[in-house]
Amino acid sequence: MKQESPDQVLDISKLSDEDLRESIMHYEAGRPSDEDGDAPLVQLVGLQRQHSSCMRLSAPEAIPGLRIHAKGSLGDYAFAWTRDLDVYLDGSVGHGFAEGMQGGVVKLTGSAGCGVGAGMQGGTLAVYGSVGDRCGAAMRGGSIFVRGDAGDDVGAGALDGTVVIGGDAGRNLGDALNNVTVFLRGKAASLAPGVIEAPLRKKEEVKLGLLLMSASIRGSATDFRRVIPSARLQAEVGGLGEWRPNGR
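Calculation notes
- Residues numbered from 1 in each chain as written.
- Predicted model: local features only at pLDDT ≥ 70, side-chain atom pairs only at ≥ 80, totals over all residues.
- Heavy atoms only, no water.
- Buried < 20%, exposed > 50% of the residue type's maximum accessible area, 1.4 Å probe, protein only.
- Helix = DSSP H or I, 4+ residues; strand = E, 2+ residues; numbered from the N terminus.
- Arc of directions from axis to C-beta.
- Contact = heavy atoms within 4.5 Å.
- Expected span 1.5 Å × (residues − 1).

Trainee: What is the right way to look at helix 3 (residues 230-237) in this model?
Mentor: For an α-helix, 3.6 residues make a turn, and residues three or four places apart therefore share a direction. Within helix 3 the residues assigned to the buried category are R232, L233, A235 and E236. One side of helix 3 holds all its buried residues, which, seen down the axis, span an arc of 160°. Away from its buried face by more than 90 degrees, helix 3 exposes Q234 and V237. Looking at the buried residues of helix 3, the elements they touch are strand 9 (179-184), strand 10 (195-198) and strand 11 (225-229). Positive backbone phi, approximately 75°, marks G239, located one or two places after helix 3.

Trainee: What is the right way to read the environment of A188 from this model?
Mentor: Within the secondary structure, A188 sits in the loop between strand 9 and strand 10. Judged by its relative accessible area of 21%, A188 is partly exposed. The spatial distance from the C-alpha of A188 to the C-alpha of D168 is 5.8 Å, given a sequence separation of 20 residues. Apart from residues no more than four positions distant in its own chain, A188 is found in contact with A169, G170 and L173.

Trainee: Explain the environment of I217 here, please?
Mentor: For I217, the position within the fold is in the loop between helix 2 (202-214) and strand 11. For I217, the residues in contact, after removing those within four places along its chain, are Y128, F145, R147 and L212.

Trainee: Explain the side chain of S143 to me, please; I cannot follow it from the model alone.
Mentor: Tracing the backbone shows S143 in strand 7 (residues 143-146). If near-sequence neighbours (up to four positions away) are discounted, S143 is found in contact with M120, G123, T124, L125, T162 and L211.

Trainee: Quick question: what am I supposed to make of helix 2 here?
Mentor: Its 13 residues place the ends of helix 2 19 Å apart at the C-alpha level, agreeing with the 18 Å of an ideal helix rising 1.5 Å per residue. Among the residues making up helix 2, those that are buried are E204, L208, L211 and L212. An end-on view of helix 2 places all buried positions within 100° of arc, on one side of the element. Exposed side chains of helix 2 directed beyond 90 degrees from the buried face belong to K202, L210 and M213. Positioned one or two residues after helix 2, S216 has a phi angle of 60°, which is positive.

Trainee: What am I meant to see in the environment of M55 here?
Mentor: Within the secondary structure, M55 is located in the loop between strand 2 (41-45) and strand 3 (66-71). For the pair M55 and F79, spaced 24 residues apart in sequence, the C-alpha to C-alpha distance is 4.7 Å. What M55 contacts, discounting residues up to four positions off in sequence, is R21, Y77, F79, A80 and W81.

What is shown is where atoms sit, not what they do.
Below, the structure is given as structure tokens:
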């Protein structure tokens, strides 16, 4: 990652959550972008494993994709319910990381606890370490990438979106999956009832390859298998096209 001088530095150890939100949402850039076309950069300092830090941050309407970089570790619910930001956190976090994320890009170099991306509605979330249980649970859209291992109940109750696990997964993978695909490179301790591992089809191979590149995760798409509802695989084999759950 290139080194550059931030346009603004904010010390979150000295700001209330509301003050931080106001500083980000009403940020006025001296220039709309740098020479490479990147959005302005805000650096966060004073990370001390605070809980509920950087929740509900949104980019100003005039600067979608405002970049936020930080180094250090945060506690539970870091960057939950964010929208339209480009976040890079060099550290680790607790539970509920990026829960309810509504758009933008959030990248974490370290590991995270349970509930990563739970209930997220859009955007791209990438974790380069490992994550705990219930990653992507009840998600409604977007893409989650985990380069390491994931715990139990990955994608439990998820309705839409994509989850990519580069390592192994725990028990009950894919419980109650709906219109969701989990891509798994390693092994799962167990699959939930009603889901099955299936080889990649060509279009999924292309899609996954592009997704891996967008999340800056190295690896070949052909190393992964799909974890999908068994009814969807039966529809594919029967030549019925894409399976759509009842009521959708």
